[in-house]
Every structure is written in structure tokens, then in C-alpha cells.
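Observations on chain architecture
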Amino acid sequence: MRRALIAFLGVIVLIVILLITLTHLQITRYSYYSTRSNENRIKVIPIPPNRGIIYDRNGIPLAINNTVYQLEIIPDRIKNLNEQLAELKTIVDLTDEEIDNFQKERRNYPASSSVPLKYKLTEKQIARFVVNQYRFPFISIAGKQHRYYPYATTLTHVLGYVSKINDRDKARLIEERKIKDYIGTSNIGKLGIERYYEDILHGIPGYQEVEVDSRSRIVRQLDESPPKVGEDIYLTIDLKLQQYIERLLAGKRAAVVAINPNNGEVLAMVSSPSYDPNLFVDGISAKEYNALLSDPDKPLFNRTIQGTYPPASTVKPFIAIAALSEGVITTDTVFNDNGYWQLPNTDKRYRDWLRWGHGRVDVTRSLESSVDTFYYRVAYDLGIDRLSKWMTQFGFGERTGIDISSTEENRAIMPNREWKQQRYKQAWLQGDTIPVGIGQGYWTATPLQMAKALTILINDGQTKTPHLLMNTRSTHFGEGLSLNDLPQTMSPLLLSVKEKYWDVAKNGMFKVLYGSQGTARRIFANMPYRAAGKSGTAQVYGLKMDEVYNAKNIPEHLRDHALFIAFAPYDKPNIAISVVIENGGSGSSNGGAVARRILDFYELGDASIQIDESILKMRQGD
Amino acid sequence: MKEKKVSFWTKIHIDPLFLLFTLILLAYSAYIMWSASGQDPAMMQRKTIQIMLGLFVMLLMAQFPPRFYEQWAPYLYIVCLILLVLVDVMGHTSKGAQRWLNLGFIRFQPSEIAKIAVPLMVARFINRDGCPPSFKNTLLTLIIIAIPTLLVAMQPDLGTSILIAASGLFIIFLAGISWRLITTACILVASFVPIMWFFLMHDYQRERVNTLFNPELDPLGKGYHIIQSKTAIGSGGIWGKGWLEGTQSQLEFLPERHTDFIFSVIAEEFGFIGAIVLLTLFLCLISRGLIIAAQAQTAFGRILAGGLTLIFFIYVFINIGMVSGILPVVGVPLPLISYGGSSLIALMASFGIIMSIHTHKRMLSKNI
């Protein structure tokens with residue numbers, strides 16, 4: 001049977017072809033298909049880490065994590081999505097806005113993964129959904145860690161907040177190669193400490209390796225690696241002091257910074273008014289956000305590092321140091337103050353705040369009574385170049401370097417020739433220099449800069465960079481991070497200043513509070529501890545020649561800003577503060593009153609000493 | 001003693017060797033089916049019933065002498081054509097194709113009957129005028145083959161129609177037509193391919209062929225099955241992942257894992273070794289079938305037994321070829337192994353006919 005034999009040979013040939021194919025698949029390309037098969041069945045589910053807790057210096061939690069429950073849906077699995085959503089409406093009070101948001105959000109999630117549909121379910125909604133769960137096979141309730149700020153408005157400008165990761169965040173994370181740490185995480189630090197220490201707070205996600213079937217349903221768990229929680233952070237902030245200051249500033253547009261001058265720890269940083277960061281955690285509604293944006297008191301604005309104000313007379317101690325060191329004046333130099341200073345060779349007169357003048361004034365007295373004419377002349381003699389150079393050493397016109405600085409801090413302006421040329425395309429005029437001498441003109445500073453300059457003065461020229469982080473409680477990353485042993489910078493120029501000049505400036509500030517002519521003597525009367533300070537009143541509204549300032553006659557937003565810097569105890573300072581009250585009137589009375597209470601609270605532990613408000617008079621001098 | 005023993009198998013018209021290989025393959029099938037069905041007892045129960053029914057049909061078919069088949073072939077062929085027309089007109093639609101005829105108590109595929117009816121009819125037609133067939137008879141034979149083939153292709157069921165055509169052509173080949181004719185036919189078929197491609201094939205069939213050559217083009221659509229199947233086979237390696245341990249099949253990445261793609265389950269769980277064992281069993285069965293054909297004493301028996309055996313092998317080749325990615329996915333089950341009643345029973349019926357040819361020859365020779 002030849003044909004049958006031929007057929008048999010044909011069968012053999014075809015079987016050999018099959019064997020070659022199988023050899024190729026199962027032996028030659030085994031590892032390729034093996035890998036492929038594993039990829040098929042193994043799915044890695046990220047477990048987002050818990051965010052580190054933020055505490056104040058005494059261990060009071062300022063930012064914590066709560067578990068909230070949200071409704072999640074796998075839209076790709078549901079054929080009649082719109083029907084299901086419509087059915088859900090009544091069960092969990094689903095609004096049209098939430099459905100819209102979900103439809104937008106969907107695109108940001110990979111196919112066949114859970115997309116949040118409704119956040120923060122109430123117990124009642126959870127109960128109602130659970131009863132109806134059988135009708136919604138691909139909708140489930142999931143517990144999520146949720147950032148919560150228990151003190152709400154108190155520390156918003158320091159802590160910032162976390163909010164949804166947006167496209168810009170995503171692009172940045174991809175660029176920094178951190179995006180894989182954010183799989184499964186929906187929120188990221190947007191502002192303040194939450195943003196600056198994002199890497200420390202966030203932690204490292206864990207994962208769950210599960211075997212899934214072809215419909216991505218979990219069959220069993222193969223492996224699990226727990227997430228590493230973010231590190232806890234201890235801030236230098238003293239919550240009690242912060243809250244106390246916040247109460248003092250209630251209803252005012254104001255900023256206060258309190259620093260421990262010994263190490264640069266920021267004890268309090270209050271920008272008033274503030275807003276509730278909790279609004280942002282789940283995404284703020286457009287209506288609420290617009291309300292914050294259009295609020296004339298600008299609650300979103302962090303006045304402590306973004307507000308720029310003319311530092312006014314608070315800069316006089318620093319200028320005195322510069323003038324003494326440059327030999328423009330000596331400790332014995334005496335000028336006669338007739339109530340004005342006339343720019344040589346011109347008719348231009350610059351008035352003192354005291355119309356009839358202070359008479360004979362030396363440098364100590366110039367600080368005690370805040371004699372403007374003394375500083376007009378000193379500024380004239382120093383010139384803008386030297387003035388600007390010295391004030392830059394005190395940190396004016398520079399970022400302070402506080403640990404939320406890089407993204408939010410305003411440098412403000414320490415004017416000089418180049419600056420004016422660049423800004424106004426005009427040459428610097430001699431007349432521009434004179435108001436700079438009393439912290440006015442083009443000069444602006446932030447409350448934090450003013451506090452930092454004060455700590456430099458207290459430390460005889462040593463810079464203690466202000467910082468908010470005290471330390472981290474390290475759990476996984478080995479040694480914790482501490483900012484208290486930061487290298488402290490020293491500028492050679494300031495170190496060359498003679499010790500007695502520092503003493504002159506500090507003594508002058510002491511006399512502001514205790515001298516018979518001290519501008520703040522009434523407010524600081526009967527202090528059980530010793531302190532020093534300097535008032536300032538920044539003009540918002542240029543007075544016409546011979547016009548008398550009367551707060552009652554001009555609109556509130558044109559009134560002067562009240563400023564005050566102070567430190568205590570005088571011999572061994574443990575706190576340095578700067579106070580700015582927008583349109584607060586006189587710095588010596590209104591700013592001083594706030595400063596006194598803060599110092600009392602800090603030094604004495606409470607605000608037991610009452611100040612007789614009736615002794616305060618407007619425009620008492622600054 | 002020897003005479004008595006032989007007479008026992010002859011009495012019940014069973015070839016013991018052929019039966020042995022069939023039983024081993026059926027056992028192998030049941031073993032892998034437990035895994036491929038996802039350990040579904042109900043499916044195993046039905047599978048067992050199918051095997052029992054199949055064995056009964058084989059036994060039954062073996063009892064009729066070859067002459068009976070030769071006589072009844074034209075009637076079976078005509079009944080088959082009627083049923084195929086009925087299916088096209090009023091058949092039950094399943095997965096977009098009309099293949100099933102629902103008789104109320106049983107659903108079956110008339111195309112399975114065609115798999116038997118066509119080779120029988122062709123063998124009888126050729127045998128009537130003696131082998132090798134004349135040119136005119138060869139042309140007539142081709143028409144006999146073409147009618148049911150086209151009817152099945154219209155259902156549409158490309159895989160089965162190819163098998164039906166092939167079953168007829170094998171008979172012609174074994175009947176000994178000249179090589180010149182075979183060569184001419186091959187050229188004709190080759191030139192017919194483009195016509196089939198552009199005018200006769202459905203879009204989904206063209207897509208399947210396209211997918212064969214580049215499954216990665218559409219990894220989640222048409223190429224998905226091939227990619228998953230190749231992954232299952234390849235990841236089995238030499239020794240396999242073990243029974244019930246195949247992740248591709250157990251986790252349902254593999255489509256139609258208990259029917260057309262059952263070979264992938266075997267290759268994944270039992271590896272290269274398991275596949276070779278299976279192929280060896282098939283080869284044993286085919287060798288025995290061809291030996292039976294060679295020993296057949298009539299031309300009718302010779303060409304029929306050979307044709308039925310070869311078509312059985314073609315099933316095997318097309319199925320394994322398609323799941324391992326060298327042939328298009330045309331929906332041909334793996335004979336004896338895949339789940340499916342109609343197919344198994346038709347196959348066992350053809351085995352019964354082969355056994356009948358073998359076991360009736362002595363009686364035939366005595367009679368003559």
C-alpha cells in the first residue's frame with residue numbers, strides 16, 4: 001500500500017513540525033513566556049504609607065490622620081454605569097457635582113482600577129449602602145487615611161495643607177523620579193511645612209502582590225511588604241503661644257513672628273486672618289475658594305513671609321550700628337533736632353514726628369525717643385551704598401532661609417542704586433536716601449525679616465537662621481533630622497562691629513521701654529522682667545506738608561501700619577518678636593501693647609498683667 | 001487457543017490495540033478536563049456520559065459490516081445535506097453562528113454527520129467504478145465533496161468545512177489518482193485561495209488569519225487568544241507547572257480552555273513531556289489505523305479506513321497548530337480530548353467503522 005505509506009510519512013513530517021513549534025515555545029523561549037505568564041497573573045497593589053504626624057514643640061499634634069470612608073467604583077466593569085449612578089443617588093445622597101467630579105477624575109486612573117465616587121461617607125450613608133451592596137457588584141466602600149488639622153485656622157500659614165495631586169505635581173514627581181512612591185496616594189503637601197517636608201512626611205509605600213484572574217479579580221495573596229510610614233515631625237512652634245497671639249490679633253490684619261534668638265527656633269508665626277486648611281484636603285469647592293480669594297482681608301496671604309511693609313523706625317538700632325561702625329557718628333556725637341532736617345543745598349525739609357523737635361540728641365537718645373532727624377542726617381552721611389550694604393547684612397532684602405522659604409517667602413526690598421535702575425529705569429537721587437534712614441521710602445521688609453534682623457542684633461552679629469523644624473522622630477530612616485544644630489552663618493562685616501556698639505543699640509532699645517522719654521514706656525510700665533524693643537509706624541498715606549495726622553479723619557485702610565520689635569529678658573533673651581498690625585495706627589502704643597502681652601505671656605506664663613488701655617494715646621511717637 | 005482468543009475480539013468486532021490507544025487518550029482527556037473545567041463536577045459528569053455514549057456508538061458501528069456502509073452511504077449523504085440546509089434556514093444560533101439543530105430533546109451539529117457521510121459517500125462512489133478513478137469520476141467526486149463543504153462554510157464554520165473537504169480529498173488520494181492530477185489540483189486550490197479570501201470569507205475569518213501572522217497587532221482583541229495560548233504553552237517549559245497549577249488556565253487567561261484550547265492547558269500543566277506523550281498516543285492510534293487500512297481486503301475498506309485515520313490526524317494537526325500559533329484559529333477541537341459531545345460521538349462512530357473494516361474481513365474472505 002504505497003499511498004498509505006506516503007500518507008504515514010506525511011503524518012510524521014507534520015508531527016515533526018509540531019514538535020519543532022513546541023520546542024521553540026517551551027524550551028527556546030521558555031523564560032520569555034514564563035515571565036509573561038507571571039506578569040499576567042501577578043498584580044502589585046500599592047499600599048499607601050501613612051503620612052507622618054506634625055507636632056508642636058511640646059508634642060501636641062497639629063496635623064493628624066483620620067480614617068474616612070469613601071465610595072469607590074470600578075467604572076470599566078460596569079455596563080450600565082449611568083443607571084447605577086442614578087440608583088445610587090438616593091442611597092448615598094450622591095449629588096450631580098460629585099458625579100461630574102468623578103467623571104473628570106476617571107481619566108486620571110488606569111483602566112479597571114477603583115475610582116473614588118463620593119468622599120467622607122456618613123455612618124448613615126455607609127449603612128444604607130451596605131444593605132444595598134448586592135445591587136452594585138463593582139462599587140465598594142474603602143477606608144482612606146485623611147489628613148486632619150485639629151486647630152484649623154491657627155497654624156495654616158505654617159503647616160500649609162495637603163490636597164489632591166494635580167497635573168503639575170505629577171509632572172514634578174515624574175521629573176524627580178518619585179512618582180512610584182505616590183501610587184495609591186491621592187494627596188500631596190501643597191504649602192508650608194506639609195510641602196517643604198513632603199519627602200520626610202510622605203513615607204514609602206508598601207505593596208501587596210496578589211494573584212489575579214483574567215478579570216483582575218484577586219484570587220489569593222502571594223506576598224506583602226508593609227509600607228513605611230512617614231516620619232513624624234516636631235516643629236519649633238509653641239502651640240499655646242501661637243494660640244495666644246492669634247487671639248490677640250483676632251479681627252486685625254496683622255502678623256507676628258516670635259523666635260528664640262539663641263537658636264533661631266520659630267516659636268510662633270501668626271498671620272491674621274487665617275483660613276481652615278481642612279477645606280482643601282478633599283478639594284475645596286469653587287464657591288468657598290472664591291470667597292477666600294475675594295475676601296478683602298486676604299486670609300490666603302501669609303503676612304509673616306509674604307507681607308512686605310516699610311520697617312519704619314524699627315530699623316533705627318541697625319542703622320545706628322552701621323553709622324557707628326562706619327565712623328559717621330560716635331557714641332558722643334550730638335545733633336540738635338529742631339523738628340526737621342534740611343537736605344544740604346536745597347529747600348527740601350524732612351520733618352520729625354515731633355513737630356517742635358527733641359533738642360540735643362545723642363545716639364542712645366535717638367533710639368529712646370526715635371528721633372527721625374538724627375537718622376535723616378545719618379542716612380545722608382552714610383549714603384545709600386553703605387546703608388544698603390549694612391542692612392543686607394542684617395538680612396533685609398534677602399530671604400531669611402526659613403524652611404518654608406524656597407517656595408513662599410518674599411525677599412521684600414532693600415533698595416540701592418542698581419535696584420532702582422532696574423525697577424524704575426531711573427538714577428538714584430540723593431533725596432531717595434533720606435527716608436530710607438527711618439525705614440521708609442522704597443524699603444520694605446517682611447515681619448520674619450524684621451525678627452531675624454533682631455536676633456542678629458541680640459547675638460552681636462551672629463545669624464541664627466530661623467527654622468520651623470525642631471526634629472523628626474525617626475522610625476525607619478536611621479538618625480532623625482534636627483535643624484537645631486544647623487551651622488550658623490557669620491558675616492565678617494557684622495563680626496567686625498565693636499561690642500560696645502552692640503551694647504549702645506541694645507541699651508537704646510532698653511530705654512525705649514524704660515527711659516523717661518522712651519516711646520513705649522507707658523505700655524511697658526511695671527514689668528516684672530526686663531525687656532527691650534523698638535517701635536515703628538509705617539506710613540501708608542503720604543501726609544501733605546503741615547497736615548496733621550488724625551486717624552479718625554482718614555479711611556481705615558490708609559491708616560499707618562503699627563510695628564514693634566522686642567526681646568526679653570534683656571540680659572539673657574529667650575524670645576525675640578516682631579509685630580506688624582496693618583493700619584493699626586501707632587507702633588509704640590498699638591504694636592507695643594501687643595508685644596507687651598506676648599512677652600508677658602511667654603515670660604510669665606499667662607497674661608495676668610492687665611494694661612490700662614486708657615493711657616494709650618494715638619500718635620504718641622514711635 | 002490463539003484461534004479462540006482472536007475470535008473473541010472478532011466476535012464483538014473490536015480491534016484491541018485501537019481500543020487500547022483510544023481508551024488511554026480518553027483517560028488522558030478526562031484527567032486534563034478536571035483541570036481545564038476548573039474542577040467542575042457537573043462538566044465532568046457530562047464528559048463521562050459523552051465518553052460512555054461514544055464507546056457505545058463505536059461498539060454499535062463496529063457491528064455493521066463494511067458492505068452495509070457502502071450500501072447506505074448515499075442515503076446518509078442525502079439526509080446529511082437536508083439537515084445542513086435545515087440548519088442554515090432555521091438552526092439555533094450560538095456565538096453568532098448557526099451550527100446547532102435543536103430537536104427538543106437533543107441539540108446536535110449536522111456538520112458532524114457530514115464528517116462521516118462525506119468520506120463514506122466518496123469511498124462508495126469511487127469504489128463503484130474501481131480504483132484509481134477516472135478523470136470524470138474525480139470531477140464528480142469533487143462536486144460530492146463541495147456541496148456539504150459549502151453548506152457548512154455558510155453556517156459559518158470554516159474549520160469544519162475544511163475538515164469535511166479534507167476527508168473527501170484523502171479518500172481520492174488513497175484511491176490512487178495520478179500525481180499529475182494532484183499537482184494540478186494543488187495549483188487550482190492555490191489560485192482559489194485569493195478568490196476565497198476576497199469573496200467567500202467572512203470579515204472575522206479574515207481577521208483571524210491576519211491575527212495569526214501578527215497577534216501583537218491587536219493584543220487585547222483578536223490577537224488575545226493566540227498570545228494567551230502561546231504564553232500558556234511556552235510557560236509550561238519542559239516539565240510543566242503541574243496538574244491544576246497552570247496559572248494561565250486556572251486564572252482564566254486562556255480562552256475556551258476546555259474546548260478548542262485544551263492543548264494549551266496540557267502543554268502548560270504537563271509541559272513538553274506531556275505534549276510528547278499526547279502526540280505519541282495520537283501517533284500510535286494513527287499508525288494502527290493506517291495498518292488496518294493497509295490490511296483491508298477491499299478497496300472500499302482500504303480507502304475508507306485510511307481516509308478516516310488521516311482526517312483524524314488532520315484534526316490533531318490543525319488544532320495543535322492553531323493553539324501554538326502556526327495556523328489560523330479556525331475552531332477545530334482536539335479530537336478525543338476537547339469537551340464536546342457531537343464531535344466525540346462522530347469521531348467514535350468513525351472509529352467503529354474502522355474497526356468494522358478490520359474485524360469483518362475474515363468473514364468477508366470466508367464468504368468469497
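Residues numbered from 1 in each chain as written. Chains lettered and ligands numbered in written order. Predicted model: local features only at pLDDT ≥ 70, side-chain atom pairs only at ≥ 80, totals over all residues. Heavy atoms only, no water.

Right, let's talk about the packing of aromatic side chains for a bit. Residue and element names in this part refer to chain A. The full count for this structure, using the stated rule, is 40 aromatic pairs over all chains. Each ring, one from Phe280 and one from Tyr289, has its centre 6.0 Å from the other, and the planes form 90 degrees; the classification is edge-to-face. Here Trp341 and Tyr350 contribute two aromatic rings whose centre-to-centre distance is 6.2 Å and whose plane-to-plane angle is 35 degrees, an arrangement assigned as tilted. Judged by its relative accessible area of 11%, Trp341 is buried. (Phe/Tyr/Trp six-rings, centres within 6.5 Å; stacked < 30°, edge-to-face > 60°. Buried < 20%, exposed > 50% of the residue type's maximum accessible area, 1.4 Å probe, protein only.)

Moving on: helix 18 (residues 417-424) of chain A. Regarding helix 18 of chain A, its N-cap is Asn416 of chain A, as a side-chain oxygen of that residue lies 3.3 Å from the backbone nitrogen of Glu418 of chain A further along. Lys425 of chain A, located one to two residues past helix 18 of chain A, shows a positive phi value of around 55 degrees. (Polar contact = N/O pair within 3.5 Å; in protein donor to acceptor, adjacent residues only side chain to side chain. Helix = DSSP H or I, 4+ residues; strand = E, 2+ residues; numbered from the N terminus.)

With 33 residues of chain A in contact, the opposing surface of chain B contributes 45 residues. Buried area between chain A and chain B, summed over both chains or domains, comes out near 3,400 Å², and the portion from carbon and sulfur atoms is 73%. Counting across the chain A and chain B interface gives zero salt bridges. Along the contact surface separating chain A from chain B lie nine residue pairs in polar contact (both at pLDDT 80 or more). Counting only elements with at least two residues in the side of chain A that touches chain B, the list comes to helix 1 (2-28), helix 2 (30-41) and strand 8 (206-212) of chain A. With 19 residues, the single largest contributor to the side of chain A that touches chain B is helix 1 of chain A. For the side of chain A that touches chain B, a count of residues per class yields 19 nonpolar, seven polar and seven charged. (Contact = heavy atoms within 4.5 Å. Buried area = accessible area lost by both parts, 1.4 Å probe. Salt bridge = Lys/Arg side-chain N within 4 Å of Asp/Glu carboxyl O. Nonpolar A, V, L, I, M, F, W, Y, C, P; charged D, E, K, R; others polar.)

Once that is clear, we can look at the sheet that holds strand 19 (residues 561-568) of chain A. Residue and element names in this part refer to chain A. The five strands are arranged 12-11-20-19-18 in an open sheet whose pairing can be described as antiparallel. Bordering the open sheet on either side are strand 12 (265-272) and strand 18 (532-538), each of which pairs with just one other strand. Neighbour-to-neighbour, the strand axes of the sheet open up by a mean angle of 5 degrees, direction not taken into account. In this sheet, strand 12 lies alongside strand 11 (residues 254-260) in antiparallel orientation, the contact comprising seven bridges. Looking at the pairing, Ala255 lines up with Ser271 of strand 12. Packing against the sheet, helix 10 (residues 239-248) makes contact with strand 11, strand 12 and strand 20 (575-581), and its axis sits at approximately 25 degrees to strand 12. (Pairing = 2+ DSSP bridges. Axes fitted to C-alpha atoms, helices over the stretch in contact; angles between N-to-C directions.)

Moving on to the environment of Thr22 of chain B. All names here are of chain B. Here Thr22 lies in helix 2 (residues 16-36). Of the residues examined, Thr22 reaches a relative accessible area of 0% and is grouped as buried. C-alpha of Thr22 to C-alpha of Leu55: the two residues are 33 residues apart in sequence and 9.5 Å apart in space. The contacts of Thr22, once residues within four sequence positions are left out, are Leu285, Leu336, Met348 and Phe351.

Turning our attention to the environment of Asn526 of chain A. By the secondary structure assignment, Asn526 of chain A is in the loop between helix 22 (499-514) and strand 18. For the pair formed by Asn526 of chain A and Tyr514 of chain A, sequence separation is twelve residues and the distance between their alpha carbons is 9.7 Å.

With that settled, the discussion passes to the confidence of the model for chain B. Residues and elements named next belong to chain B. When pLDDT is averaged along chain B, the result is 84, and 87% of the positions lie at 70 or above. Low confidence marks residues 364-368, where pLDDT is under 50. Its contacts with residues over four positions away, or in another chain, come to two contacts. Model confidence for the complex: the whole-complex pTM is 0.67, and ipTM, which rates the interface, is 0.90. (pLDDT = per-residue confidence, 0-100.)

Moving on, we come to the pairing of strand 10 (residues 232-235) of chain A. Residue and element names in this part refer to chain A. Residues of strand 10 alternate between two faces, with Asp232 and Tyr234 on one and Ile233 and Leu235 on the opposite face, all of them buried. By the bridge criterion, two bridges tie strand 2 (residues 54-55) to strand 10 in an arrangement that is parallel. The partner of Ile54 across the bridge, within strand 10, is Ile233. Here four bridges tie strand 10 to strand 17 (residues 469-473), and the two strands are oriented antiparallel to one another. Pairing of Ile233 across the sheet is with Thr472, part of strand 17.

Residues and elements named next belong to chain A. Within the element layout of this structure, Asp352 appears in the loop between strand 15 (349-351) and strand 16 (359-361). As a buried residue without a salt bridge, Asp352 has its nearest oppositely charged side chain in Lys316, at a separation of 6.2 Å. A polar side-chain atom of Asp352 sits 2.9 Å from the main-chain amide nitrogen of Leu354. Here the side chain of Asp352 touches His358 through a polar contact of 3.4 Å, side chain to side chain. With residues up to four places along the chain from it excluded, the contact list for Asp352 reads Asp337, Gly339, Tyr340, His358, Val371, Asp372 and Thr373. (Lys, Arg positive; Asp, Glu negative; His and termini not counted.)

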